Amino acid sequence: MKENKKQNRGTKKIIYPTKRAMNLYFKIDKTTAPATVALYTLFVFVILLALGKVLIYDPLEAARELEDYVAVLEQQSISKMEELKDYDSVLKDYVRATPAEEQLTEVDRMQILDLLDTVIRPSAKISQITIEGGKVLVTFSGVTLQDAGVLVTRLEESPMVTNISVDTAASLEANQNFVEANVYFEVVREEEAQQ
């Protein structure tokens, strides 16, 4: 046992440090109150400036840009209206010059008049021509009944003439040599007649 005590004496007991007093580090604030107030004031000013830009300046700038755009559009509108000042007369000319859909399907009236000029006009006096759609009524006189029949036959030979009929033939003079004839016929386009 004595040896044990000697062994215990040779080794030191481990002692851990303990804190028995408290050291508080205290730094004295050397900043002045006016400098702190100035910093906070500057910070608030920067925030207000940013909010003013976002909430006031940007919408005003956008409104100004839109006003400029509207002014440009109004100027373009005025120039276009200046270009279109003769629109009514141009439209009227266009409507006159452009054939209607039904006119495109009808026989050209000039072809009908040319046919009547070549067949009837050299021999007889035409007093009336009525063309409506594909139907034609021709009144002529100054020929005998036999000559009127020949003229109607020559009309019938044209490829564009169909359904021809002589409605009336009346004597105009006492000797009954000359007659007035009303000839009614229908016309078709030459392309349709060839089919």
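Residues numbered from 1 in each chain as written. Predicted model: local features only at pLDDT ≥ 70, side-chain atom pairs only at ≥ 80, totals over all residues. Heavy atoms only, no water.

Engineer: How should I be thinking about the overall build of the protein chain in this particular structure?
Structural biologist: Each helix and strand in the protein chain was counted, giving seven helices and four strands. Ordered by position in the sequence, the α and β elements of the protein chain form the string α-α-α-α-α-β-β-α-β-β-α. Across the 195 residues of the protein chain, 15% fall into the buried class. Across the protein chain, the fraction of contacts at a sequence separation of at least 24, relative to all contacts at a separation of at least 6, is 56%. Surface accessibility of the protein chain: about 16600 Å² in total, with carbon and sulfur atoms responsible for 58%. (Helix = DSSP H or I, 4+ residues; strand = E, 2+ residues; numbered from the N terminus. Buried < 20%, exposed > 50% of the residue type's maximum accessible area, 1.4 Å probe, protein only. Contact = heavy atoms within 4.5 Å. Areas by Shrake-Rupley, 256 points an atom, 1.4 Å probe, with all protein chains shown as cover.)

Engineer: Would you mind showing me how to read helix H6 (residues 145-156) here?
Structural biologist: Think of an α-helix as turning once every 3.6 residues; residues three or four places apart then point the same way. An ideal rise of 1.5 Å per residue puts 16 Å on 12 residues; H6 measures up with 17 Å between its terminal C-alpha atoms. Of all the positions in H6, only Ala148, Leu151, Val152 and Leu155 are classed as buried. All buried residues of H6 fall inside an arc of 100° around its axis, so they share one side. (Expected span 1.5 Å × (residues − 1). Arc of directions from axis to C-beta.)

Engineer: Got a minute to help me understand the pattern of salt bridges in this structure?
Structural biologist: If the charged atoms of two oppositely charged side chains come close together, the side chains can form a pair. Enumeration according to the criterion identifies five salt bridges in this entry. Three or more residues joined by partner-sharing salt bridges are found here, namely Glu61, Arg64 and Asp68. (Salt bridge = Lys/Arg side-chain N within 4 Å of Asp/Glu carboxyl O.)

Engineer: I would appreciate a short explanation of the confidence of the model for the protein chain in the present structure.
Structural biologist: Should pLDDT be low for a region, the predicted coordinates there are not to be read in detail. For the protein chain, the mean per-residue pLDDT works out to 83, and 86% of the residues sit at or above 70. Mean pLDDT values over the elements of the protein chain span from 55, in helix H1 (residues 2-10), up to 92, in helix H2 (residues 33-83). (pLDDT = per-residue confidence, 0-100.)

Engineer: Explanation requested: the packing of helix H5 (residues 109-119) against H6 in the structure shown.
Structural biologist: When two helices pack together, their arrangement is captured by the angle between the axes and the distance separating the axes. Where H5 contacts H6, the two axes come as close as 10 Å, and the packing angle between them is 140°. On the basis of the axis angle, H5 is oblique to H6. In this structure, H5 meets H6 at a crossing whose hand is right-handed. On H6, the residues that touch Leu115, Leu116, Thr118 and Val119 of H5 are Leu151, Arg154 and Leu155. Looking at side-chain class alone, the contact of H5 with H6 contains five nonpolar, one polar and one charged residues. (Axes fitted to C-alpha atoms, helices over the stretch in contact; angles between N-to-C directions. Parallel < 35°, antiparallel > 145°, perpendicular 65-115°, else oblique. Left-handed = near helix turned anticlockwise from the far one by under 90°. Nonpolar A, V, L, I, M, F, W, Y, C, P; charged D, E, K, R; others polar.)

Engineer: What exactly am I supposed to notice about a nonpolar patch on the surface here?
Structural biologist: Nonpolar side chains collect at one region of the surface, where Phe43, Val44, Ile47, Leu48, Leu51, Val54, Leu55, Ile56 and Leu60 lie side by side and expose about 910 Å² of accessible area between them. On the secondary structure map, phenylalanine 43 appears in helix H2. (Patch = residues over 30% accessible without salt bridge, like charges linked within 9 Å, V, L, I, M, F, W, Y side chains within 5 Å.)

Engineer: Mind showing me how you'd approach the environment of lysine 85 here?
Structural biologist: For lysine 85, the position within the fold is in the loop between H2 and helix H3 (87-97). A polar contact is formed between the side chain of lysine 85 and the side chain of glutamate 82, at a distance of 3.4 Å. (Polar contact = N/O pair within 3.5 Å; in protein donor to acceptor, adjacent residues only side chain to side chain.)

Engineer: Explain the nonpolar core to me, please; I cannot follow it from the model alone.
Structural biologist: As a rule of thumb, nonpolar side chains are buried together in soluble globular proteins. Formed by 25 residues in total, the largest nonpolar core has its most connected members in Ile112, Leu116, Ile120, Val138, Phe140, Leu155 and Phe185. Every element with two or more residues in this core is listed here: H5, strand E1 (125-132), strand E2 (135-143), H6, strand E3 (161-171) and strand E4 (179-187). If you tally residues by element for this core, the top one is E4, at five residues. Beyond its immediate sequence surroundings of up to four residues, valine 138 is in contact with Leu116, Ile120, Ile126, Gln128, Ala181, Asn182, Val183 and Phe185. (Core = buried A, V, L, I, M, F, W, Y, C linked by side-chain atoms within 4.5 Å.)

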